[in-house]
Structure formats: C-alpha cells, structure tokens
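Understanding the architecture of this molecule
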Number of protein chains: 10
Amino acid sequence: MPAAELLETFPNPYPGREYEVRLECNEFTSMCPLGGIESDAAELALLKGGAPDFGVIRIAYVPDVDCVELKSLKLYLWSFRNDGIFYERAVNRILDDLAAAVKPRWMEVVGDFNVRGGIKSVIVARHGARTGS
Amino acid sequence: MPAAELLETFPNPYPGREYEVRLECNEFTSMCPLGGIESDAAELALLKGGAPDFGVIRIAYVPDVDCVELKSLKLYLWSFRNDGIFYERAVNRILDDLAAAVKPRWMEVVGDFNVRGGIKSVIVARHGARTGS
Amino acid sequence: MPAAELLETFPNPYPGREYEVRLECNEFTSMCPLGGIESDAAELALLKGGAPDFGVIRIAYVPDVDCVELKSLKLYLWSFRNDGIFYERAVNRILDDLAAAVKPRWMEVVGDFNVRGGIKSVIVARHGARTGS
Amino acid sequence: MPAAELLETFPNPYPGREYEVRLECNEFTSMCPLGGIESDAAELALLKGGAPDFGVIRIAYVPDVDCVELKSLKLYLWSFRNDGIFYERAVNRILDDLAAAVKPRWMEVVGDFNVRGGIKSVIVARHGARTGS
Amino acid sequence: MPAAELLETFPNPYPGREYEVRLECNEFTSMCPLGGIESDAAELALLKGGAPDFGVIRIAYVPDVDCVELKSLKLYLWSFRNDGIFYERAVNRILDDLAAAVKPRWMEVVGDFNVRGGIKSVIVARHGARTGS
Amino acid sequence: MPAAELLETFPNPYPGREYEVRLECNEFTSMCPLGGIESDAAELALLKGGAPDFGVIRIAYVPDVDCVELKSLKLYLWSFRNDGIFYERAVNRILDDLAAAVKPRWMEVVGDFNVRGGIKSVIVARHGARTGS
Amino acid sequence: MPAAELLETFPNPYPGREYEVRLECNEFTSMCPLGGIESDAAELALLKGGAPDFGVIRIAYVPDVDCVELKSLKLYLWSFRNDGIFYERAVNRILDDLAAAVKPRWMEVVGDFNVRGGIKSVIVARHGARTGS
Amino acid sequence: MPAAELLETFPNPYPGREYEVRLECNEFTSMCPLGGIESDAAELALLKGGAPDFGVIRIAYVPDVDCVELKSLKLYLWSFRNDGIFYERAVNRILDDLAAAVKPRWMEVVGDFNVRGGIKSVIVARHGARTGS
Amino acid sequence: MPAAELLETFPNPYPGREYEVRLECNEFTSMCPLGGIESDAAELALLKGGAPDFGVIRIAYVPDVDCVELKSLKLYLWSFRNDGIFYERAVNRILDDLAAAVKPRWMEVVGDFNVRGGIKSVIVARHGARTGS
Amino acid sequence: MPAAELLETFPNPYPGREYEVRLECNEFTSMCPLGGIESDAAELALLKGGAPDFGVIRIAYVPDVDCVELKSLKLYLWSFRNDGIFYERAVNRILDDLAAAVKPRWMEVVGDFNVRGGIKSVIVARHGARTGS
C-alpha cells in the first residue's frame, strides 16, 4: 500500500520568500488492478495479479513551513510498486499525501503514464491557489 | 459508423477536486469520403471507397461526475476505421460523443492529421468553460 | 499572379461552436522581384527574372459561416510559384484573400521564410479579434 | 487480401548504372488476426475481427530492368488495411510481391511497427546480394 | 524468479530466408540484490529487499526454425519484476533463455539501464555468428 | 530544361591530395510531368502543367582536376524549377551533368524528396569508385 | 564602428494593419574590448585587439510607416565585426539604431551570445508598447 | 564557502530602459553535506566529506543601477565547489548574494540539478516584482 | 590524486561468453593544472589552484575474468575532483587503472570534455584488440 | 594571414599507445575573397573587402611525438578572421599547418560551413593512413 508515513520533511530554510520546488521521478511503477487496457484474464492468472503500469511523476510546490526530504520521497514512490491502483487515484493520492506532509502554499502533481492500448494518459491535480509570480 | 454506444464511464474518484485528464491516441485512422486532396477517381474505384486518413487525437477534460474508461475509448476510436468522415466533422463528433458520455466541466478535442497534398491540418474544438487553475 | 479565385469553401459543419482550424503548408515558393538579398544582376539576367524564395505558410482561423476547401488552398498557394512578391506583401495578400473567401471570426497567417544572406524572416498578420478560449 | 496485382512498374531509366531507390510509407496499417498482444476476446467480438496494427514500411532496392510506380505502391500498401496478418508474414510478403514485380538486383523491406504491450517490433528482410558501392 | 517456461514460440513462417527480428521493451524492471550503487542498508530494511532497477531490453535475432511469441515475451520480462539480479546476469540470462527457446541462427540482447550514482550501464551479449546481409 | 552549360568549375587547389567536398541544397524544386502521385487531371489543367515536387539534393565528390563553382551550381539547380522530370531521372541527370563538368575521382548524388501520397522517396546514384580513406 | 547609416528602409506596404516582422541573424560577431571572460593579456597582444564574440541577433517589430530593408540590415550587422563592444551595449545600440531608422510601433532586440567561461548570456531589450494581438 | 565578495559589478550602460539579462552556467557543482540521496556513510568516509552535486544555474534580471561582471560571476559560482550545501539553500543564497551586489529591479535564480536516486530537482526563487513587458 | 586503489572488481559471471559492458559517467570533473585555455593568473590566484574542467567519461570493455564494481568506479572517478590533470593524461590514466584492475579482453575509454575557449575536446584510448562480434 | 607560427605543441604524454584526439571549434570565421555566392560588388565596396564566412572546424588526429596545445590552436584559428580564403584552401591549409606542427600518425580536418545561396558546404581532408583500432 502507498505508505504516506514514509514521507519526511525538513523546515523550509527560506520561509519568508515565495519560491518553487519542482521534482521529477522517471521511474514510477505500480500495478493496474484489473490488468488494464492491454491484458486479458489468462495472462493475469499467470502473474497472480494485475499488469504493471509505468510513468513519470512530476511534483511542483511553493513551500510554506516545510520541504519534502528527497530520500523519503523516493521510498514513498517505491511503495506503490506492488499495489494495484488506477491512474486518477494514484495522482490524487500522491497529492493528498504530500500536501498533508508538507502543507505547502500551492502544490501540483502530474502523472504522465506510458502508452497502453495506443493511448497515453496524463493526470494533473492541484492543491491551493498560486499567488505572486 | 462512429459508435458512441461503445463509450463507457466510471464515477470520478475525486469529485471534490478540479483536476485534469489528458489522453492521446496516435493511431487514429478513418476514410475520406471523396478521396481527399491526394486521390483521383480511378484509384478510389479500385478500393471501392475513399482514401485513408491518419492522425493523432488528443483529449483533455476536467471530470465532473464521470471519467471515460480507456478500453472503451480505444474501441470507440477504432470504430471510425472504415467510415468516411471529414476532419472538421470527426473532431466535433468525438467532442459531442465524449461530452455526452462524460458530462465534464470542460473538454477539448484536438485532431492533428497527417500531411495531405503538402498541407497539414489541425482541428481544435472545446466544450464548456475552463475555471480555476 | 496569386489567384484568389482558385479558393473554394464549404459551409462550416458546426456553425454554433467556436472551434479552430490550423493548416500548414511546408512547400510554399515564390520569386523575389529584385533577386533579393543574395543575388546580383548578372545571375538574374541568366534566369530572366527574380530569385526563388522558399518558406512555410501557417494559417489558423475560427470558422464562422464557411471553411476553406483544402485542395483549392493547395492550388491557390501553388499559384504564387512564378510571381515576384516581397515577404510582407505575400503574407498580407494571403490573409486578405483567405479572409475574403472564408469570412472567419478570426484568422492568422504566418510566413516563415528560409534564410537569405544569413537572415531568417517571419511575418505574422491577423484579421479580426479572438474571443472565447 | 494484399493485392500484388495492384503493383505497376516502369522501365528503369538508367539501366547501366547501379543506383539505389529508398521509399518510406509512414501510414501502413493492417489487422492482427488474433487481436494481438493487447486485446482480449471480448473486445474483438465487438469489432468482429482483429485489432489494428500500425507501422512504417521502408523499402530500398537497386533497380535492374524495372522500377516500381509510386501510386501503385500506395494502393498496394492500402490493400493490407482490413486483412489480418502477422508482422513477420507482412514484411516477407511485401518483399516477395515487390521483388516479383520489380526483379531488382537487391531489395530490403523493413517493417517498423508501433508498440504493443510495451514491446516494439521491427522486421528486416532482404532479397539478392548487394554489390558495388 | 525469471520464468523461462513462460516463453512460447511459433514456427518461423519464412524458414528459407535469412531475415531479422528486432524487439524493444522500454519497461523492464527488476530489483538489485544489494540495494545497488545508490541505496544504504537503512532504506532497504524499510522495503524488505533491494532497490528497483529500470531499463530497456533490446533483442535482435535471425530466426531459424522458431520465432518468439510476443505476448509470452511480455510475460517473461514481467517475471523479473520482484527478483534481485545484477545487470550482467540479467542480460546473459535473457539471452540464454531466449536462445534456448527460439534456437536462432544469431541473437543479441542489450540491456540499457537507467543512471545509478551518476553512471549509466549498457550490457551487450550475443549468441551465434552472423552471416549473409 | 536543366541547363548543364550553367555549371562552371575552377582548378582543384590541392590536386595531389584525395579530399572530399560535400554540398547540400535544401531548396530543390521541379515539376512532376504527370502530376504525380497526388494530383488529378482537373487540377493540372488549372495550372497548365504538372504538380510541383520539392526535395533536398546532396552532392559529394573527390575532386581530381576541377571543383564546381558554387554560384553556378545554385543557378544550375534553379534551372529545374519549371521542367517536368521524374525523381530517378533528375538525380541521374544531375550526376551526369556534374560528373561531365568536374571529372571527379568519385561522385555521389542523393535526391531526398518530400512525402507524396504518404510515401517519401530517396534516390542515390554514384559515379566512379572510391579509394583511399 | 557600428554604422547606423547603412540601414535602409522601405514604406510599410500594409500600414493599416498591425502585423509583426521577426528577423534572425545567426552569424553576428564582434570583438570584446578587454578580451572578455576567457582571454589574458598575453594572447590579446598577439592579436592586437580583443577576443571575438559570437551570437545570434533576433529582431521583432510591428511596422508603422517603414520596414527595414534586409540587405542593408545584413551590412549593418556585419559592421560590428571588428569593433570592441560589450553585450549589453551591442543589443541596446542595435535597438536604438533600428528604432530610429524604422520608427516602429513596437520593437524587441535579443542578443543570444555563445558560452564564455562556461556562462551563456542573453540580453533582451524593447522599444515602445505592444498592443492589439 | 560561497564567497559573495568575489562578485563585481559595472554601471548599467542603459539605465533609462527596462531590459533583461539572462545568464546560464552549465557547470555548477557543490557538495551535499550528508552525502545526499544516493550515498551511504561508508563511501563518504572514504572521501572525507559529502557527495558531489551537479547542476545548471540560470539567472535572469532587469538591471537598475548595476550589472554583474561575468568573470567575477564565474569565480563566485566556482567558490561553491568544495562546500556542502542543500539545493534550496544554494539557490536562495545565490539570489541573496547577487541581488545584494546588483540591486536589480527584478531577479530570478533557477537551480536545475542532476538526477539523484531517480529524482530530478529544480528550485526557482525570485526577488522584486516584474513590471513593464 | 586519482586513487586506483578505490577500484573493486567482482568475478565475471559469464566468463565463457564474449560480451560487452558500456558505462557512462556524465559528472566527471577535475582541475586543469595551469588554469587552462580560459583563465589567467589573477583569477587562479584567487582560487589558489587551477580552473575546473567538466566532461563525460565513457568506458566500454569485454570482460575476461573480472568486472568493475560500479560503486567503486563512482568513488574512483570522484577522486579526480580536486587534482590538476590534462585531458590526455586523465583519459590514458583511467584506461591504465581500469585495465590493471579488470584485466579485460578489450577496453576503450573516451573523455568528452566541455567547450573551453570555443574548442571542444574528445580523447579516445584503447587497450587490447577486439575480436569476435 | 593564417599564422602557422602561432601553433604550439607539447610532447605526447602516452607515446607508446595509439589513441585519438578530436577537437571541434564552432566559431571559425573568415572572409570570402570575391564576396562569395551571396554578395554583389556594390555591397563589398561598402565594406572594403569580402563577405564573411562562418563554419565549424573539426580536427581529429592520432598523436605520434607531439600534441597541439589548445590555447595556441584557438589563436591560430582566430588568425583567419580577416583574411580572404576559399573553403577548399582553408581546410587544406589548416591540415598542412597542423600536420607540420604536430607530425601525427594520422590527421583529418573537416570544415563544415554555413549555408550560402541555399547551399551548405563541407570539406574533408586527411593526412597519413589510419591503422590499428
């Protein structure tokens, strides 16, 4: 199960300034609960579970009190590896977990998933309102 | 004939948040009813129909109550394969069918078609108004 | 001479929706009346005319009542092949001819011409005001 | 069915010189007889047939007596559109049909097919031996 | 454990011709037994195993009697997902398993793995000798 | 008509060394005598001739006694602008004219023509044998 | 010395329309008065002057009464070749000279200079206010 | 230690105009104090310090009274080479030091750091408000 | 000083097969003993040493008895960080150290260094003779 | 005048090994004696000389006793800035000067010059014979 408790933070070193942190993980993988758009029941039975999904997760946020610690973020994203989860849920779940841990002024999570059945999917979710510039 | 009844949906898992789904299908193909910009009558007679068109279909939407199920979208887009339809109609038709099925807050459909007669065509149509950000 | 009478149109199949059509022709060629930035009089005498220009023409418009028929657009753009015309005139002329034929809500014509004398030129002209989005 | 009788040729205009012709068609599509790596039986039943395949066909040859006429090649490649055929067969079949029609000194056909189930396939087949250079 | 028994084959449809099949899987993932170049013991304890590796597997072969069936190859490559294996072993193992199943005239397997500790690794192994061309 | 008499040469300044000259013209255009793969008779009647072809001409040679003068080469290539000529003829004709003018140790001419009817064509012809290196 | 008197203009052929002209010269070179970030005094003494700078100059403007003639612009930009001038001065000087000659509604000049000492510099200066669109 | 006293300035040569200077240094390197996301204690002990970080620093500013001298900026950025500093601190520190030295109307510093543990980081910080355009 | 003793090896897991390992490190940095092509004495005095060099190191080898362990290679390459060494020496030194540690059948080391003074340098050195394929 | 006496060398640090040095200078510029393919007499009179040429010079060599010192190479290439020289002469002259200074086992010089009159030119010259590998 995605393990929000793995996420660690550290105090924002420049709390008085509105600045932006952008993170990109090219190696996100999870399982699709139903085998997804490309698999049939026979092959799933062989693997005793769903078919693997692959994608890129992009996170951008404006820190307020805390920043996310990168090693803990890596471990958190690894924790999706063997769980079945739909694209829309995965992206919104990462946004919920990160926003709860970091309490940012603004945050955006993008899941950019590999082609399945000839269709590429991107999910974009945001938390809070952006100000300044 | 494009088969809107193939489209299936599932309930939006995060109805309280305004987020965006972007889908891209690189393998759209249909037929041009009149043979199009590059074919003459003699060759169409040989094939008993129009000339094939190829393109990319890009769909972006902000879900409200439902999301489109990807496997059904794949089958729906395949259903254009052997029908004759002009570019402008195809893109507006896909927008009409998808918006009727998904009832999104906002939706955009882009048809990016291959060069014909040295001319590349892109059609962009939108449904609803975009808010937030 | 550029032949506006070659342009044909067909009725906009979705007149109630504000959508956009984008066309790109990579094979535009015309003649520069004075030989242009790279040629001298001696070589022009050999060819009995100006030097050839090459470029890309990009057209974007929001249809109102009519759309431009693509085969007629191809023939219209071919009709510049052996006429001498400056870049600024060519782009504004194409915009005038197309806007008169199609009567769009909004239209933009871009001429993106090849390097001459180490200088690349792009001309951008617009007709009408863009609304919606 | 792939229709070899559509292929037309014209006499090689420079029979005394060993030169090379390379052709590339980006818009090849056929059907996979069994639905292929990404489809299950349920969705194939809906479409009454196999799943579509897409790819690029590249042809290179050294003409001997004849050259292939391009319009006929286009029609020949279109004739695969609604037939079920495996990748290996399609490429070897195109090579057989073209080599029989053109009787080249040397010929190579490459089928570069789109990703299916996360796997991209390329098939390369050759006829005759290359000499000179 | 990598499951060679998942690999299925079908008879080479053109046994009399020396042609080439090239396959590429962009979504290979396995685990590094020791956590690899970038992980320490503390984080591995959290995950109860090694750190994930990601890469691209490229396979090229000249079929003799059999060809590899693509759906079975996909399942075979998926079977590395949760096993710990070093790069050199993974690539040579895939070559051994595939060569045993397909008995090709010639085969090459390339593992192109993602950057770890600032170092990118590629392993190339071959079976049999290439002839003809 | 292609005008070989436009080609001028100058004495090879380093006749004792085997070196290579490579030239590329991105702006080659000619007419297809029959309207080519994409046009029908009706539209050709409008233009009183064939349809335009566009391509890139690449020339490589090892000079012996003479080199080709670039301004004369530009004028020579412009002289194809309004003549109808097939791809295979154009490339072999340019090779014949240039080899006659320059008398090189070795020469190659490549014509890389734009997509027509979804098919891209490249023609490669060579004169003499390459040595050294 | 940069020679503003080389700049010539011609009357804007479409004075009633707000359109845009964009020009790019990839071959700008000047000298750095002090040898710049990468040279020491010893090597400058050898060359009796500063070190060469290279860059791209991009000009965009909305014509009012006049347009700049391209051949004169080429000669004007060449006139910087052997003068020492800092990046900030060069870009603002070109803007001053061109704006004085053309009297545009709006103008922007960008100098995009090559890496020196591992640092790339871009200078962007504007004249007048942009309206419409 | 980052050495702000290395930064030198020169008077803005065009103080009356709001223009922009953009600088990019591809060769920024510093040390991560704790070894960072990819190193364990054992390897750090070998090197007697942290693990190296690499990245690109992009600086954009609108000068007011002074401009930064490029050679001094190069030396200032080199001065981070052997100090341990976190990404967020490095970018905000460079912004503080540069803004104090140059006193710009507006300034932005972007640190675009190499992948560590499969995660790429970008930090964007700004000083002052942008006006005009 | 480059520390060859940091290099560790492990037994080649497939000693009976001639296969190839290719490694690429994008983050190599060292110091130039004399300040190099771009620095003068004054700035070097400020830094009490040479100017930094940056580059990519590519290593390819055919293992015989041993393979290089990647973490130890990373530490070995880091050990050049604060030593002054010329390009030619660095590449040949890495080849000597690695070949002594690994005793490969064949090895190649490429140093691809960043532009200095407008000149990019690549050094390629090889050990042993390549066989098979 | 190209100043061969500027070239300095240093002893090959690894004389017993056959390795390769590749250098690339992106900022070569010289003058064309006659104004070249793009200029007429009137504009040359204005500039009191030829028109500028720009290109990339690539040098590869296998050192024997000496290597070329990079700073001296930079100054040598700068010395062509204000001299008129044809492409073929420039490349062969650089090869002669460098081979005389360095006495390599093998050397290649490539001049890759910018488009003039729509034609790009590349000149490749070699000295000595390549062995080993």
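Heads up: these notes are all about the structure in this document. Everything numeric here is computed off the predicted structure, so don't read it as measured data. Along each chain, residue indices are assigned from 1 in the same order as the chain's sequence is written. Lettering for chains starts from A, numbering for ligands starts from 1, and both go in the order in which the items are written. Reporting in this predicted model follows two pLDDT cut-offs: at least 70 for local features of residues, and 80 or more for side-chain atom pairs to be given and counted; totals over whole chains, interfaces and linings ignore these cut-offs and use all residues. Neither water nor hydrogens contribute to the side-chain values; these are computed over all heavy atoms in the structure.

1. Focus on the side chain of Ser121 of chain F
- Put simply, DSSP marks the helices as runs of H or I at least four residues long and the strands as runs of E at least two long, and each gets a number from the N terminus on. Here Ser121 of chain F lies in strand β6 (residues 119-127).
- Buried means the residue's accessible area, taken with a 1.4 Å probe over protein chains only, is under 20% of the maximum for its type, while exposed means over 50%, and partly exposed covers the values in between. Residue Ser121 of chain F is classed as buried on the basis of its relative accessible area of 2%.

2. Topic: unusual backbone geometry
Residues and elements named next belong to chain C.
- In this structure, Lys103 takes a positive phi of about 50 degrees despite not being glycine.
- Along the chain, Lys103 turns up in the loop between α3 (87-102) and β5 (106-116).
- On the basis of relative accessible area, Lys103 is assigned to the exposed category, the value being 53%.

3. Overview of the pattern of salt bridges
- Salt bridge, as used here, is a side-chain nitrogen of Lys or Arg placed within 4 Å of a carboxyl oxygen of Asp or Glu. Per the counting criterion, the structure on display carries 100 salt bridges over all chains.
- A salt bridge links Lys120 of chain A to Asp112 of chain A; its shortest N-O distance comes to 2.4 Å.
- When its relative accessible area of 24% is taken as the criterion, Lys120 of chain A is described as partly exposed.
- Residue Asp112 of chain A is classed as buried on the basis of its relative accessible area, which comes to 15%.
- Note that Glu108 of chain G and Arg126 of chain G form a salt bridge whose closest N and O atoms lie 2.7 Å from each other. You can see Glu108 of chain G sitting in strand β5 (residues 106-116) and its partner Arg126 of chain G sitting in strand β6 (residues 119-127), a full 18 residues away along the chain.
- Judged by its relative accessible area of 23%, Arg126 of chain G is partly exposed.
- One salt-bridge network, in which partners are shared between bridges, spans Glu24, Arg58, Asp112 and Lys120 of chain A.

4. Some thoughts on the pairing of strand β2 (residues 20-32) of chain D
Residues and elements named next belong to chain D.
- Burial analysis of β2 places ten of its 13 residues in the buried class, the great majority of the element.
- With ten bridges connecting them, β2 and strand β3 (residues 51-62) associate as antiparallel partners. In the strand pairing of β3, Ser30 is matched with Asp53. Strands pair, by our definition, only if DSSP identifies at least two bridges between them.

5. Quick notes on helix α2 (residues 70-78) of chain C
Residues and elements named next belong to chain C.
- Burial runs high along α2: nine of the nine residues are buried.
- Restricting attention to buried positions, one finds in α2 the residues Leu70, Lys71, Ser72, Leu73, Lys74, Leu75, Tyr76, Leu77 and Trp78.
- Polar contact is the term for a pair of N or O atoms within 3.5 Å; when the atoms are in protein, one must be able to donate a hydrogen and the other to accept it, and sequence-neighboring residues count only if both atoms are side-chain atoms. In this structure Glu69 caps α2, since a side-chain oxygen of it lies 3.3 Å from the backbone nitrogen of Lys71.

6. A few points about the environment of Cys67 of chain I
All names here are of chain I.
- As for its position among the elements, Cys67 is in strand β4 (residues 66-68).
- For Cys67, a relative accessible area of 0% corresponds to the buried category.
- Placed 13 residues apart in sequence, Cys67 and Phe54 show a C-alpha to C-alpha distance of 26 Å.

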